[in-house]
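Fold and geometry: a report
Chain residues, written in single-letter form:
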Amino acid sequence: MTKKTVFPYIPNSVPEIQKEMLDYVGAKDVMDLYEEIPESLRYAGDLKLPDPIRDEAGIKRHMERILAKNANCITYDNFKGAGCAQHYVPAVCDEITSRGELLTCYGAETWADHGKYQIFFEYQSLMAELLEMDFLTVPCHCGGQATATALCMSNRINGRKKVLLPKNMTPQNLCLVRNYLHSVQKESALEIIMVDYDSATGQVDMKDLKEKLDQDVAAVFIENPNYLGIIESNGDEIGRLAKENGAEFIVYADPISLGVMEAPANYGATIAVGELHSVGLHLQCGGGQGGYIASLDDMKYIQEFKELVDGVTDTVVPGEVGYTVVLAERTHYAMREKGKEFTGTQNNLWMAPVAVYLSLMGPQGMEEVGNTIMTNSKYAAKKIASVPGLSIKFAAPFFKEFVVDFNRTGKTVAEINKELLSYEIFGGVDLSEDFPEMGQCALYCATELTTKSAMDRLAIALEEITARR
């Protein structure tokens, strides 16, 4: 973009306004503001951008034409999950979230509207009740960030340097954890030790866990259900082993599963983490995600949280309560460079739809949606397994997601997924790159939105595709 080009939808692109701003700060050119960026990283020349569309209706028409080319989860049957699945979002969640006082340019923060503190507090209270935990912060960026921070917390709590992670954990979260532990801990980076999974069940290999768990381990981490959808039925034993060795037990739990699965605290979790997208958030091309971290009411944990926390207290007016940030001195907002971890802008906007969703559902609603998901995923797995040459990979119970084995078809998952598009179906996530030991397997997902007719169509399509040589 040249300085002479004016885009009405880009603020301050008028040359006269730009010059006035540059003169005020003593800069001759816009690029003077980026003098710290090496020349080798700068693009030489101007971007070859088309002429600007100057009217709002024209921009809207242009964008709609581009978006109309997309195949999406409305027009196609979707069986992809892998940590971010398609769930129903009640209309009232969007109605509340889109209110002007919430949908702001700065993450729905409370700085100019203290009434938001109550929304934040109610979100924390509802999530804590769902998890059977006592203490919860505002959301961080995603479930992977929550996992990384929880592992750092465990190191600060017990001073140990090793963390045990399952080999079948969410690959994206594992990448984030590796990067974060290295960058935050720096010279005292934590040692990540991967624990095998049982090839028959998909659950944590208890023998391998026991061999690797010792007095130097800061935390034992599991996902329940795990990335492959498998329910870890040995959670209570894993928690007991972690406690006996003085390690923290961190459980990554999908909130929408907790109407039918036991809450992490009830089988020994000292810290619970996870992703919020399943309870009131839309799929948004990488957005619509937020991570939660929760613990029991114990100051050794509470003091190690890096995010802000909203609390409630009595005021000088009888019967009146006030909402405010509590224990802010433990964060970098008070400690600055001496803070334990940095806390930037969080996903505060998502507290409103999550709170609305949980309020609407209540305990019975959460149980009903959990049962619906289990029923649908079980039906989908049964229909797929009835196709000649296909089978379900693991024997253990699963929730929402399951692994389909295509090794006997003579086709790759990539080939099958490409052919499924002609049936207007998004097939499962190809696992061959992240889990090469499985060969040609795919992770399929069925939620409360997955219809019986869609699952029947999938089975028919797979049978036709695999029958072709």
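Presented here is an overview of the structure given in this document. The shown structure was predicted, so the numbers you read here are calculated from the model rather than taken from an experiment.

With respect to the overall build of the chain
When you go through the chain residue by residue, the secondary structure sums to 13 helices and 15 strands. In terms of overall size, the chain behaves like a compact globule, its C-alpha atoms giving a radius of gyration of 25 Å where 469 residues would be expected to give roughly 23 Å. Seen through its principal axes, the chain has C-alpha atoms that stretch 70 × 60 × 50 Å. Counting across all 469 residues of the chain, residues that qualify as buried make up 48%. Long-range contacts, defined as pairs at least 24 residues apart, comprise 71% of the intrachain contacts of the chain with a sequence gap of at least 6. When the 44 positive and 66 negative side-chain charges of the chain are each reduced to one mean point, those points stand 6 Å apart.

Details of helix 4 (residues 116–131)
An ideal rise of 1.5 Å per residue puts 22 Å on 16 residues; helix 4 measures up with 23 Å between its terminal C-alpha atoms. Where helix 4 is buried, its residues contact strand 2 (135–136), strand 7 (271–275), strand 8 (291–295), strand 9 (310–314), strand 10 (321–325) and helix 11 (351–385).

Description of the packing of aromatic side chains
Enumeration over the complete set of coordinates arrives at twelve aromatic pairs. Seen in terms of ring centroids, Phe-398 and Phe-402 are 5.3 Å apart; in terms of plane orientation they differ by 45°. Their pairing is tilted. Phe-402 shares its class with Phe-398; the two are buried. Aromatic side chains Phe-406 and Tyr-444 sit 6.3 Å apart centroid to centroid with 40° between the ring planes, which places their arrangement in the tilted category. Residue Phe-406 is located in the loop between strand 12 (401–405) and helix 12 (413–420), and its partner Tyr-444 is located in strand 15 (residues 441–445); the two are separated by 38 residues in the primary sequence. In this pair, the class of Phe-406 matches that of Tyr-444, namely buried. An aromatic cluster of three or more residues is present, and its members are Phe-79, Phe-398, Phe-402, Phe-406 and Tyr-444.

With respect to the sheet that holds strand 4 (residues 191–195)
Reading across from one edge, 2-8-7-6-5-3-4 is the order of the seven strands in this open sheet, with mixed pairing throughout. Both outer strands of the open sheet, strand 2 and strand 4, are each paired with one neighbouring strand and no more. Pairing of strand 7 with strand 8, which is carried by five bridges, proceeds in the antiparallel orientation. For Gly-274, the partnering residue across the bridge sits in strand 8 and is Tyr-292. Strands strand 3 (162–166), strand 5 (217–223), strand 6 (248–252), strand 7 and strand 8 of the sheet are contacted by helix 5 (residues 143–158), whose axis makes an angle of about 165° with strand 7.

Here we look at the pattern of salt bridges
Summed over all chains, the structure comprises 21 salt bridges. One salt bridge in this structure joins Glu-304 and Arg-156, with 2.7 Å as the shortest N-O distance. Taken as a pair, Glu-304 in the loop between helix 9 (299–302) and strand 9 and Arg-156 in helix 5 lie far apart in primary sequence, 148 residues in all. In this structure Arg-156 comes out as partly exposed when scored by relative accessible area, which is 23%.

Describing the nonpolar core
Note that soluble globular proteins tend to have their nonpolar side chains buried in a common cluster. Ranked by internal contacts, the top residues of the largest apolar core, which has 56 residues, are Tyr-123, Met-127, Leu-131, Leu-209 and Tyr-292. Secondary-structure elements contributing two or more residues to this core are helix 4, strand 4, helix 7 (206–212), strand 5, helix 8 (235–244), strand 6, strand 8 and helix 11. Ranked by residues supplied to this core, first place goes to helix 11 with ten residues. Among all residues touching Met-127, those that are not within four sequence positions of it are Leu-136, Pro-255, Leu-276, Tyr-292, Val-354 and Leu-358. Membership of the second largest hydrophobic core comes to 37 residues, among which are Tyr-227, Tyr-444, Ala-446 and Met-455.

Quick look at the packing of helix 11 against helix 13 (residues 452–467)
Taken N-terminus to C-terminus, the directions of helix 11 and helix 13 make an angle of 20°; their axes are 9 Å apart at the nearest point. Considering the angle they form, helix 11 stands roughly parallel to helix 13. The crossing of helix 11 and helix 13 is right-handed. Contacts from Asn-376, Tyr-379, Ala-380, Lys-383 and Ile-384 of helix 11 reach helix 13 at Lys-452, Met-455, Asp-456, Leu-458, Ala-459 and Leu-462. For the contact of helix 11 with helix 13, a count of residues per class yields seven nonpolar, one polar and three charged.

Some points on the pairing of strand 10
As paired elements, strand 9 and strand 10 share five bridges and run antiparallel to each other. For Val-312, the partnering residue across the bridge sits in strand 10 and is Tyr-323. In this structure, the hairpin formed by strand 9 and strand 10 is closed by a connection of six residues, where Gly-319 is found at a positive phi of approximately 80°.

Quick word on the environment of Cys-152
Structurally, Cys-152 is set in helix 5. Distance from Cys-152 to Lys-338, taken between C-alpha atoms, is 15 Å for residues 186 residues apart in sequence.

Section: the sheet that holds strand 12
Strand order in this open sheet of four strands is 11-12-15-14, and the pairing throughout is antiparallel. What marks the edges here is a single partner per strand, and that holds for strand 11 (391–392) and strand 14 (429–430). Taken strand by strand, helix 11 contacts strand 11, strand 12 and strand 15, and its axis lies near 5° from that of strand 12. Strands strand 14 and strand 15 of the sheet are contacted by helix 12, whose axis makes an angle of about 40° with strand 15.

Focus on the side chain of Asn-417
Of note, Asn-417 is situated in helix 12. Given the relative accessible area of 14%, Asn-417 is considered buried. The contacts of Asn-417, once residues within four sequence positions are left out, are Lys-80, Gly-427, Gly-428 and Tyr-444.

So, unusual backbone geometry
Put simply, Asn-224 and Pro-225 share a cis peptide bond, and its omega is 0°. Tracing the backbone through its elements, the reader meets Pro-225 in the loop between strand 5 and helix 8. With phi around 60°, Asn-12 is a residue other than glycine that occupies positive phi space.

Conventions we followed
Residues numbered from 1 in each chain as written. Predicted model: local features only at pLDDT ≥ 70, side-chain atom pairs only at ≥ 80, totals over all residues. Heavy atoms only, no water. Helix = DSSP H or I, 4+ residues; strand = E, 2+ residues; numbered from the N terminus. Rg over C-alpha atoms; globule rule 2.2 N^0.38 Å. Buried < 20%, exposed > 50% of the residue type's maximum accessible area, 1.4 Å probe, protein only. Contact = heavy atoms within 4.5 Å. Lys, Arg positive; Asp, Glu negative; His and termini not counted. Charge placed at Lys NZ, Arg CZ, Asp CG, Glu CD. Expected span 1.5 Å × (residues − 1). Phe/Tyr/Trp six-rings, centres within 6.5 Å; stacked < 30°, edge-to-face > 60°. Pairing = 2+ DSSP bridges. Axes fitted to C-alpha atoms, helices over the stretch in contact; angles between N-to-C directions. Salt bridge = Lys/Arg side-chain N within 4 Å of Asp/Glu carboxyl O. Core = buried A, V, L, I, M, F, W, Y, C linked by side-chain atoms within 4.5 Å. Parallel < 35°, antiparallel > 145°, perpendicular 65-115°, else oblique. Left-handed = near helix turned anticlockwise from the far one by under 90°. Nonpolar A, V, L, I, M, F, W, Y, C, P; charged D, E, K, R; others polar.

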